Amino acid sequence: MPDRITVHGLTGHGYHGVYPPEREHGQTFRVDAVLELDTAPAAADDDLTKTVHYGELAQQLHAVLVGEPVDLLETLAQRLADLCLAYPVVDAVEITVHKPEVDLGVPADDVTVAIRRTRR
């Protein structure tokens, strides 16, 4: 099993969605990012440059989450995955985007889209 760094429950107000009220008023979105990488080199040398600085990663993920609106959660998830894979030490990433304020016309707690992407 690979080593993992996880950012869980990162939250922001975004304007993603296909319906005009979603674009006009926005809503809360959450993201979970699970990065797969070998942390042994960083641990051996106690060297932050050999791993992912999760504080910086969180800031970057948040910027995408609250940034340019997209229609689909799938598109948002892909953008977040691409950001994580831009770190050379990351071999794979699983992104889960949560839309807890979704209006489905029936009671629901959340809708999620989860994707896993690997370095090509």
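Source: prediction; values computed, not measured.

Thresholds applied
- Residues numbered from 1 in each chain as written.
- Predicted model: local features only at pLDDT ≥ 70, side-chain atom pairs only at ≥ 80, totals over all residues.
- Heavy atoms only, no water.
- Helix = DSSP H or I, 4+ residues; strand = E, 2+ residues; numbered from the N terminus.
- Buried < 20%, exposed > 50% of the residue type's maximum accessible area, 1.4 Å probe, protein only.
- Salt bridge = Lys/Arg side-chain N within 4 Å of Asp/Glu carboxyl O.
- Contact = heavy atoms within 4.5 Å.
- Axes fitted to C-alpha atoms, helices over the stretch in contact; angles between N-to-C directions.
- Parallel < 35°, antiparallel > 145°, perpendicular 65-115°, else oblique.
- Left-handed = near helix turned anticlockwise from the far one by under 90°.

Peer 1: Help me understand the overall build of the protein chain, please; the structure alone is not making it clear to me.
Peer 2: When its secondary structure is counted, the protein chain shows four helices and four strands. Counting from the amino terminus, the protein chain carries its helices and strands in the arrangement β-α-β-α-α-α-β-β. Across its three principal axes, the protein chain shows a C-alpha extent of roughly 50 × 25 × 25 Å. Counting every position in the protein chain, which comprises 120 residues, the buried fraction comes to 38%.

Peer 1: Is there a simple way to think about the pattern of salt bridges in this case?
Peer 2: Opposite charge on two side chains makes pairing possible when the charged atoms of those side chains draw close. Within the structure shown, the criterion is met by six salt bridges. Aspartate 110 is paired through a salt bridge with arginine 30; the nearest N and O atoms lie 3.7 Å apart. Pair noted here: aspartate 110 is in the loop between β3 (90-98) and β4 (112-118) and arginine 30 is in strand β2 (residues 27-37), with a separation of 80 residues, a long-range link. For aspartate 110, a relative accessible area of 27% translates into the label partly exposed. Note on arginine 30: relative accessible area 26%, which makes it partly exposed. For arginine 79, the salt bridge identified is with glutamate 68, shortest N-O distance 4.0 Å. Taken together, the residues arginine 79 in helix α4 (residues 73-85) and glutamate 68 in the loop between α3 (54-65) and α4 connect sequence positions 11 residues apart. Here arginine 79 falls in the partly exposed class, since its relative accessible area comes to 34%.

Peer 1: So what exactly am I meant to see when it comes to the side chain of threonine 96 here?
Peer 2: Residue placement: threonine 96 occurs in strand β3. Overall, threonine 96 belongs to the buried group, its relative accessible area being 13%. Excluding residues that lie within four positions of it along the chain, threonine 96 makes contacts with Arg30, Val31, Asp32, Thr112, Val113 and Ala114.

Peer 1: So what exactly am I meant to see when it comes to the packing of α3 against α4 here?
Peer 2: How two helices sit against one another is set out by the angle between their axes and by the gap between those axes. One way to put it is that α3 packs onto α4 with a least axis distance of 10 Å and a crossing angle of 155°. What the angle tells us is that α3 and α4 run roughly antiparallel. Between α3 and α4 lies a crossing whose hand is right-handed. Within the contact between the two elements, α3 uses Leu57, Gln60, Leu61, Val64 and Leu65 and α4 uses Leu76, Arg79, Leu80, Leu83 and Cys84.

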